[in-house]
Structures are given as C-alpha cells and as structure tokens.
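What follows is the residue order along each chain.
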Amino acid sequence: MGGPSVVDMNPQGERWTAEQVLALAPDVASRKAGAELGVPGPWSAAGARTEGGAGAVWGECAGSGSKPYRTVVDLSGPGGGPGFHCSCPSRKFPCKHALGLLLLWTEGEDAVRASDAAPPGWAGEWLERRQRAERATEPQPAAAGPTAADTEAARRRSERRAQRIAAGATELEQRLTDLLRGGLAAAEGDAYGPWEETAARMVDAQAPGLAARVRELASVTGSGAERAARLLEECALLHTLNQGYLHLDRLPEALAATVRTRVGITSDAATLLASAAPVRDLWLVLAQQDSDDGRLITRKIWLHGRNTGRTALLLSHGAGGRAPELSLPTGLALDADLAYYPAARPLRAALGARHAAPAPSPAPPAGGDVAAALRAYGEALRDDPWLESWPAVVSAVTPVPDPEHGWQLADAYSGSALPVDPRCGDRTGLWRLAAISGGSPVTVFGECGHRGFTPLTTWAPEPVAL
Amino acid sequence: MISTWDDLVTAALLGTGRRTPPTRPRPGQDAAAALLDAAALRTVQRRAGLLPVAARDLPDAAPEDPRPSLPPAARRRLELLLADRTGSGGGAGRRGSAPDLVELLPQWLAAANSHGYRAPAALLPALLDAARARTDLRPQALALAGPRALWLARLNPQWKYALRGGGPAPAAGTHPSDTEAAQRVWQEGLFSERVALLSSVRRRDPAGARELLATTWPTERAEDRLMFLDSLREELSPADEPFLEQALSDRSRNVRATAAELLSTLPGSALAARMAERARSCVGLDRTGDGVPRIAVEAPHECDGGMQRDGIVAKPPSGRGERSWWLGQLVEATPLDTWCERFGVTSAAEAVALPVADGWQPDLHAAWCRAAVRQRDAAWSRALLGPATSPPAPEGSSWRDPAKLLSALPAAERAEWVAQFIATHGLSEAFRLLAVCAVPWAEPLGRAVVDALDIARDAGSYPWSFSGVMGLAERCLDPAEADRLEVLTALPDEPQDGTGAPGAVGYWAEAFQRLVGTLRLRATMRAELAG
C-alpha cells in the first residue's frame, strides 16, 4: 500500500467512494442493478453541485420507456443521510438509478462534472423543497413546548404501560418457576408451543424485550445436559430481568435504565439528544453491518472515539426493503456529537450534530490481546449482566481456519486463543479474514462474548468488512 | 451453601418439586426462584471469568506474492464484477440497456494478468468462489489469485479444485528456479503439483521438462503418463522426437495415440515421413484420362502393425467403412507439403482445385482440413476455406469446418474473411466464426458486424434474434467504436407503415445502448488497469 492515507479534498467537495455508495443499497439485487447502471452509457445531462462539501448529483437515465428517468440525490440530508428522488416507479429506496448515478459520480470529474452552476429545473425544485422541509424540522427553540395537558397525558400513558409490563413480568415469573418446579426434563418434549404463546402474551403486555428473550428460549437446541444447561442460563437471566423490572424503584438509576431498555421500553432519539450531555469526539467508524429479519433491516454502526477512547453503537432501521438512511462506511472518521442512551454500561448512542464532513481515517485504533477482550466483556457484565458481548479491538491475532472444529483467533505471542462464535459458521467474511492474514497476525475488531468472538472488521491495511 | 453449576443443572432437570435443590431460599421465596437466582449468579460469574483457550496449530504463513497490487479503481471494479456473478447471466430475451458485467469478468481477468497484477487478498474468497462456479474462469482467476489463493484453498475443502492443476504453478511461490526444489516436487508432489511444475518448467526450459519427465516415465501410471505427455504439446520441437518415438511403444493405447499425434505435427519427424510414404502409395495423380488430370485414390487394404504403432486406429466407428477410415487417418498425419510434390503443383490452392475421382473428394478434403488445423498450415487452410463469398454449405453435409480452418490463419486475415462472410451472408451463420476472431475485432470486421446488425434492425426483426452476436459484439468490438455507434442508440420513430415487429425499434435502441455502454465500460476498465 502506501498510498495517501487522506483522500484529497478537492475544493468542490469530496466525492464518495464506491463502497460508500454501495452501502446504501437496500438489498443485493439493488446493489447489482445499481452497479450495472454506474456506467456512462445510459446517462445524459448528469451533473453535480457542490456547496462547501454539501451538494447534490443529478442525471437522466435512459430506461425502457421513451422518457428517461430523472434522478437527483441530495448528498447532505437531515441527520446526515443523503436524500433521493427518482421519477422511476421502483419502490426500492434508494432505487438502482440513484445508486448508479452516485457510482458514476464517484468515478470523478470525467464521469460527472461538478460545478457551481444551478441544477436543471426539475432537480433544483426538488432540492429546494427538500431544504425547506429540513429547515422546518429543525428544532425551533422559540416554538411552544408541549402543553401541561400533553405532558399529563403522556405520563398517564407510560404509567399504564408500566403496569402492563409489570403484570407481564409477574406472569412470566410464574411460568419460569412452574417450569423449574416441574423440571426441565419433563418440559423437554412440549417446549416449543407454550413458549410461543408466552411470547405472544409478552407482546400484548407491551414488553417486546421480554418477548424476544422468550422466543430465544424456544430456540435453545442441543441434546440432554447441554440443552438443559443453556436453558437454565437463559431462564435464570430472564428471571433476573423480571425481578429487576418488578423492583425498579430499588435499583440505581443507571441499572434501572438498562432494565427498562432490555424489557423493551425504547426512548426517543430526539428527546435524548435534547436532554443528554453530548460527547463530542472524532468518531472512527469501526464497522457497519446490516441484518435483515424479513420485515426490518437493522443497521449497526460501531464507532470509536479517538480522544475519549469510548466505543458507541448506532442503530438504525429500514422497513419494507428500504436501507436504513444512516450510512457511515468503515474507515471514515467524523467530528460529531453523540448522546449515549442512559444505561449501566452505556454503548448505544444517537448521532447528534456533525461538525465537519467525514474524512478518511483508515488506521485501526490501538487494540489489546485476546485476554483483554475477554476481560473487557467480563467487566461490562458487572454493570449489565444481560450483555451477550462487548466490542473489542484485538491486535496481533492470527485466524486459524477450521471449518470442522470451529475457528480461532490465536494470539501471536501467548499461545492462547479466542474461539470464534460458532454462529459465524463458515461464512465468506471469515475466509476473507484468513486471506488477508495469510497466516500472519492482523488486527480485528468485533464483538467478544460468552459464545466467542464475532469478527466484524480487519485492516489490510485499509479497513475491510468481514 | 456452595453448589456447583452441575448441581444446579441437575436440580433444574429434575425439578424443585421432586427434590429440594441445593440452594437456600430467602424468607418467603420459593425454591424454584431461589434456584433461578443461584443459576443467574453462576451464569454471570462464568461468563465474566472466561479465559482464552489454547491455540490450535497455526496455518503456515502464506507465500509472498511480489506482484504489484491493483490500482484502487481497478480493485473496486473487480469487487463489482465479482459481486455481480450471481446475476441473471446471458440468455436470450430482453436484457435491458445496462452492460452484462458477468460477461466482462473473463476479459478483465486476462487484462489484469497481462499487467502482472496480484489480486487483493480480501477478494480472494470471492474470486475462488467465482472460479469454482465457472470452470472457464479458472485459469485466469487462479493466475491472478496467485500463491496465496492456493494457500487458502488448502484450508477450505470447497476450493479443492484450485489444487487440481490447470491453474498456475502451485510451485507455491517457491519459484522452481532451483532444480533441486523442482526435483523434490516432481518426486514427492501431488499429481496436480507435478502437472503444474512440468508445464511451468516446459515454458522456461523445454528440454529440461522432457528430461524431468523421462526420469520417472517408466514408473508413472498410464493416466498420468497421458497427462504428462500432453503437457509436451507446448513448445514442441524436433528435439522431442526420440522421446515421443519411444512412447509409440507404450503399453497404453491412449499414450501411443497422443505420441503419434504429437509426432505428426513435427513435419520432419520419422513418423511423418512414414505416414507420407503410406499416403503417397494410396493417393496419386491420374493423367490417363482425357482432359484434366484427376486425383486417384486407392485406400489401404489393411491396417498393419506398423500403422497401428504409428497411431492409426484400426477399428472404425460404426457406420464407417474401414478403408476410408484408415485413409483419413493416414492423410491427416501426413505433412501437407507431400502433396504439392506428389501432384506436381506449386501451391495448396492448385492441389485443392484438382478434381478427385470416384467420389473420394469429401474424405480426402476432410482429412486435409484436419491436417491443416493440426499442422497450423495457413496456406492449406486458406485454400480449403475458399472465398468467404461462396455460399456456405448446408448444415451437416459439409466436410469443411470454417471456424477451425480460420483458427490457423493470421488474425488480420481471419477478421477480413469473416467480415466478407458477414457482408455476403449476414449474421445467421456467423456466431461460431466470430468466436474464433481475435479480440478486439480488427477492422473491417467490427464495421461489418455493426452494419449487419443495423440491416437486421431495418428489416424489422427483434434484437434478441441476434442476442448471441450482440453479446459477442459487446465483448469483442474495439471500445474505440463506441462514439461511431452512438447514433444507433437514438430512438427513431416507430415506422408508420406498420412494417417491422411492434416495439422492435425501442428494443433495438436499448440493445445498442447496452452495446455502447459496454464498450465505454471496457475502455474505462482498461484505463483503470493501466493505473
């Protein structure tokens, strides 16, 4: 390698990388379709406008009809995400035209020329409307706050919900103690059906966190003693969570917040940003990963603060085949405010004001050894016993591929190793890690938990998602 | 009360209703809840106290790959091309106006290899997966992937194919420069490693490879001897003759046949001379009749031991007479120069023009065609091909295989011939001929194809009737043609007189858009690789 570590910032603003663009694609098909359109052929009248790094790209794409599709992208939307508009009928968001246009634009001045000239009318109008809308949603300090009556109604609503959840937790406690009284062996046969029903009861009780844990119980598999042990672990932790919720008033505030979150009471990002003290730092994007449960795409973005040394997790969602709006490619660093959600061991955060455009920062933060990663998880458990894993950067580990017995990350010096979480299976990401390592030590970021380590990013030396 | 985790699991399995668990409830707490409390404590304790495990054996370090890495833009391009491989693939029907990335991967790989780049490590798994699914990609993909991919393939059973040879030297970075290492691989290596070693040595030192092979020849298995012998095809020279001559007495019939075939491509070989001798006794010029002399054929009456040793297969396939079968093989293995001298003519064209008596013409000319291809003889290929403007023979009846004969001609002449063929006969028979032309298509071939497509459009047919040729054009036309083609992408008005297929105009515009788009993309890819 040895190329310039910082992409030249041209005076007209920085072009994104193809990876950045492709990360916006809502699914594999869109990624492919977008890539196919990222060529000059179908495009005409393409242009870009740059206003101090915050600009727009537009173009007309010849399709099967006689009229080309008109595509425009606002590169700096509210909350930092870009905005898309296209005259095509696709319900994908962003559509392949928007992706193709952005890919073409990433190729440079020859592909899409940037200038200060005004965009054509159709693009300009949409951009104008969008900026008006953005101004309208900005916090208006002078605007009247919620009325006393509103506050009172909200308080009553949350009180009612708290009662429902408490009733649900009590019922679940009953269910768990019944199970333990009768014995797990007796329950082995008919475990599945009743758990589904209990999960549905927890949804009714407005406790989605409890419902999810109950479903996990149903999915515990394995044979005999192994299954019993895992089931007992999960039941015990669920029991603790119920007890925590039923005795919220006796918990320290931070732990109470953790319990509320785990039970499924979410707090609103806007309220959080308005109330919590922001943590400003240069946040390095360590990883971005999407999971899709069929209905909802959940995007996790892990950040590492250069000055505070803290790790943060941003969650965003996209429903109905849409990619979550927020996209921060690995290897960028952004100077921004974060607000951590209150918790005994804060990790999840909301992204607040950004103070500068993201800049490439390809090097990994300093990492620890495998023992340190486990230790960090152990310490985090002291605050939040329900944690499945804790993010960690481990340096100088050699991946040991073994599709049969499970992979390991072996410490380069001590002869000890971290098992890779068996749920990673034999997926391509692991092989990519092995290929990059080539049998030599590498730095890996991932989640270290009681089932093992889940690698998310490595550096080759530019960051590579796993 | 101290209880182990196993005690707790046992208690949970049995149930607190059956047996009092080893936990003491708080006042007012029931036994089951107390058991859960204790289990929670143990669980968190265990998780918080996890220690690293003992490391298993580390893999060996991957060999160094000193080749330069791809320029960043080319690297991104490869990533896109590989991401697309699950795509819809070619096939007939409507394909939209966007380039078909899957089809560009082979030429991208070839171009990257010609620059001598190595693939980025992060893309090796995708590259290995792609080549696993498509055997035609393997040689180029594995060449680009280099020694690290073979290192990786040894760790993943899914990629075993990469170790089966056909790929680049799995001499695994240890460039077999020192003969000692080469000897060791040759003596102890896997079959695939040995094949790869032999062909890589053959390219650098043809005689050395032959000598290497000779050291173990008598002890090799018949199948292996066949494969090893085949790798002498490259860099074949008269120096190989003694070895091949010896292989004519091999125990295995297939080895004998291959040795004979290789020898017959050496016009100065003793085998070629023996074949010429036999062929001369069967084929001659008959000047006895009035008017023009004719070629008279007296096919062999037997296939003796000498002929069989020289690779003549005695038993014909069913439905063929044995005498014509033997004749065909004799002529095929005879140096073509024999005939001008035999007939007293000065050129292949004159020999081909001679009439043949008694209906032997198809057999004789078919054998000459095979000989011309085998001996890569341009003059004979040209003469047998005839002018491109003559009508193509009806399917199945022809002894000529123009595509094969073309491959023995120089690239420029090939392009010229096919261009003329297309200008005369259109595109319907052109696909196989186009496939043997060198890429990018030299002029006037590119222009002929585009003109023919333009004519097909004007004739009102649908573009997918030509999707095969269109697909070839996308991959093979010179990217510099893109600008000239631009006019064809415009959407003209639908003809008002109702001629032509409905909607065809729009589909053609789309097809030409894809053609132009693909050409532009290829130019971009080439520029990206140039760095």
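Definitions and cut-offs
- Residues numbered from 1 in each chain as written.
- Chains lettered and ligands numbered in written order.
- Predicted model: local features only at pLDDT ≥ 70, side-chain atom pairs only at ≥ 80, totals over all residues.
- Heavy atoms only, no water.
- Pairing = 2+ DSSP bridges.
- Helix = DSSP H or I, 4+ residues; strand = E, 2+ residues; numbered from the N terminus.
- Contact = heavy atoms within 4.5 Å.
- Axes fitted to C-alpha atoms, helices over the stretch in contact; angles between N-to-C directions.
- Domains from an automatic or database assignment.
- Core = buried A, V, L, I, M, F, W, Y, C linked by side-chain atoms within 4.5 Å.
- Buried < 20%, exposed > 50% of the residue type's maximum accessible area, 1.4 Å probe, protein only.
- pLDDT = per-residue confidence, 0-100.
- Parallel < 35°, antiparallel > 145°, perpendicular 65-115°, else oblique.
- Left-handed = near helix turned anticlockwise from the far one by under 90°.
- Nonpolar A, V, L, I, M, F, W, Y, C, P; charged D, E, K, R; others polar.
- Polar contact = N/O pair within 3.5 Å; in protein donor to acceptor, adjacent residues only side chain to side chain.

A separate point is the sheet that holds strand 2 (residues 56-61) of chain A. Residues and elements named next belong to chain A. Ordered by their spatial adjacency, 5 strands build an open sheet running 4-3-2-1-5, and the pairing between neighbours is mixed. What marks the edges here is a single partner per strand, and that holds for strand 4 (83-86) and strand 5 (114-115). Relative to strand 4, strand 3 (residues 69-74) is paired through 4 bridges, and the arrangement is antiparallel. Pairing of valine 73 across the sheet is with phenylalanine 84, part of strand 4. Contacting strand 1 (43-49), strand 2, strand 3 and strand 4, helix 3 (residues 96-106) runs over the sheet at an angle of about 65 degrees to strand 3.

Each domain of chain B was delimited in the assignment, giving domain 1 (5-47), domain 2 (267-408) and domain 3 (410-530). The straight-line distance from the C-alpha centre of domain 1 of chain B to that of domain 3 of chain B is 78 Å.

Pairing is antiparallel in the open sheet, where 7 strands are placed in the order 17(A)-16(A)-15(A)-12(A)-13(A)-14(A)-1(B). The open sheet has two edge strands, strand 17 (463-465) of chain A together with strand 1 (53-54) of chain B, and neither has a second partner. Along the sheet, helix 12 (residues 370-383) of chain A makes contact with strand 12 (389-400), strand 13 (408-411), strand 14 (416-419) and strand 15 (442-449) of chain A, crossing strand 12 of chain A at roughly 165 degrees. Set on the sheet, helix 13 (residues 428-437) of chain A makes contact with strand 12, strand 13, strand 15, strand 16 (452-459) and strand 17 of chain A; between it and strand 16 of chain A the angle comes to about 55 degrees.

Soluble globular proteins: nonpolar side chains tend toward being buried together. Ranked by size, the top nonpolar core spans 102 residues in total, and within it Trp368(B), Trp380(B), Leu434(B), Trp441(B) and Leu445(B) carry the most contacts. Both domain 2 (267-408) and domain 3 (410-530) of chain B contribute no fewer than three residues apiece to this core. Setting aside residues no more than four positions away along its own chain, Trp380(B) makes contact with Leu336(B), Trp339(B), Ala348(B), Ala351(B), Val352(B), Trp368(B) and Ala372(B). Counting 92 residues, the second largest nonpolar core, distinct from the first, contains Val112(A), Ala98(B), Ala149(B) and Leu152(B).

Before going further, it helps to spend a moment on the confidence of the model for chain A. The predicted model of chain A averages 84 in pLDDT, with 89% of residues at 70 or higher. Low pLDDT, under 50, characterises residues 1-13 of chain A; the predicted model gives this stretch 12 contacts beyond four residues in sequence or across chains.

Further remarks concern the packing of helix 7 (residues 179-188) of chain B against helix 8 (residues 191-204) of chain B. Residues and elements named next belong to chain B. The geometry of helix 7 relative to helix 8 is characterised by a closest axis approach of 8 Å and an angle of 140 degrees between their N-to-C directions. As judged from the angle between their axes, helix 7 and helix 8 are oblique. Seen from above, helix 7 lies across helix 8 with left-handed handedness. Residues Ala182, Val185 and Trp186 of helix 7 pack against Glu193, Arg194, Leu197 and Leu198 of helix 8. Each residue belonging to the contact of helix 7 with helix 8 can be placed in one class, and the counts come to 5 nonpolar, no polar and 2 charged.

Residues and elements named next belong to chain B. Between helix 10 (residues 222-230) and helix 12 (residues 253-264), the shortest axis-to-axis distance is 9 Å and the interhelical angle comes to 10 degrees. The orientation of helix 10 relative to helix 12 falls into the category roughly parallel. Crossing of helix 10 over helix 12 shows left-handed handedness. Contacts from Ala222, Arg225, Leu226, Leu229 and Asp230 in helix 10 reach Asn254, Val255, Thr258, Ala259 and Leu262 in helix 12. Of the residues belonging to the contact of helix 10 with helix 12, the class tally is 6 nonpolar, 2 polar and 2 charged.

Attention shifts here to unusual backbone geometry. All names here are of chain B. Residue proline 440 is bonded to the preceding valine 439 through a cis peptide linkage, with omega at -10 degrees. Following glutamate 443, the chain continues into proline 444 via a peptide bond in cis, with omega recorded as 10 degrees. In this structure, proline 444 sits in the loop between helix 22 (431-435) and helix 23 (445-458). For glutamate 235, which is not glycine, the phi torsion reads 60 degrees and is therefore positive. Mapped onto the fold, glutamate 235 is located in the loop between helix 10 and helix 11 (241-247). For glutamate 235, a relative accessible area of 41% puts it in the partly exposed group. Of note in the backbone geometry, arginine 376 takes a positive phi value of approximately 45 degrees without being a glycine. One can find arginine 376 in the loop between helix 18 (361-374) and helix 19 (378-385).

This paragraph deals with the side chain of Asp384(A). Residue and element names in this part refer to chain A. Looking at the element boundaries, aspartate 384 is found in the loop between helix 12 and strand 12. By relative accessible area, which is 4% here, aspartate 384 ends up buried. For aspartate 384, the side chain forms a polar contact with the side chain of arginine 262, separated by 2.8 Å. Discounting chain neighbours no more than four positions away, the residues touching aspartate 384 are Thr258, Arg262 and Arg345.

All names here are of chain A. Examined against the element boundaries, leucine 303 turns out to sit in strand 7 (residues 296-305). Residues leucine 303 and leucine 334, spaced 31 residues apart in sequence, show a C-alpha to C-alpha distance of 9.5 Å. Ignoring anything within four residues of it in the chain, the contact list for leucine 303 reads Trp283, Leu284, Val285, Leu286, Arg310, Thr311, Ala312, Leu314, Leu328 and Leu338.

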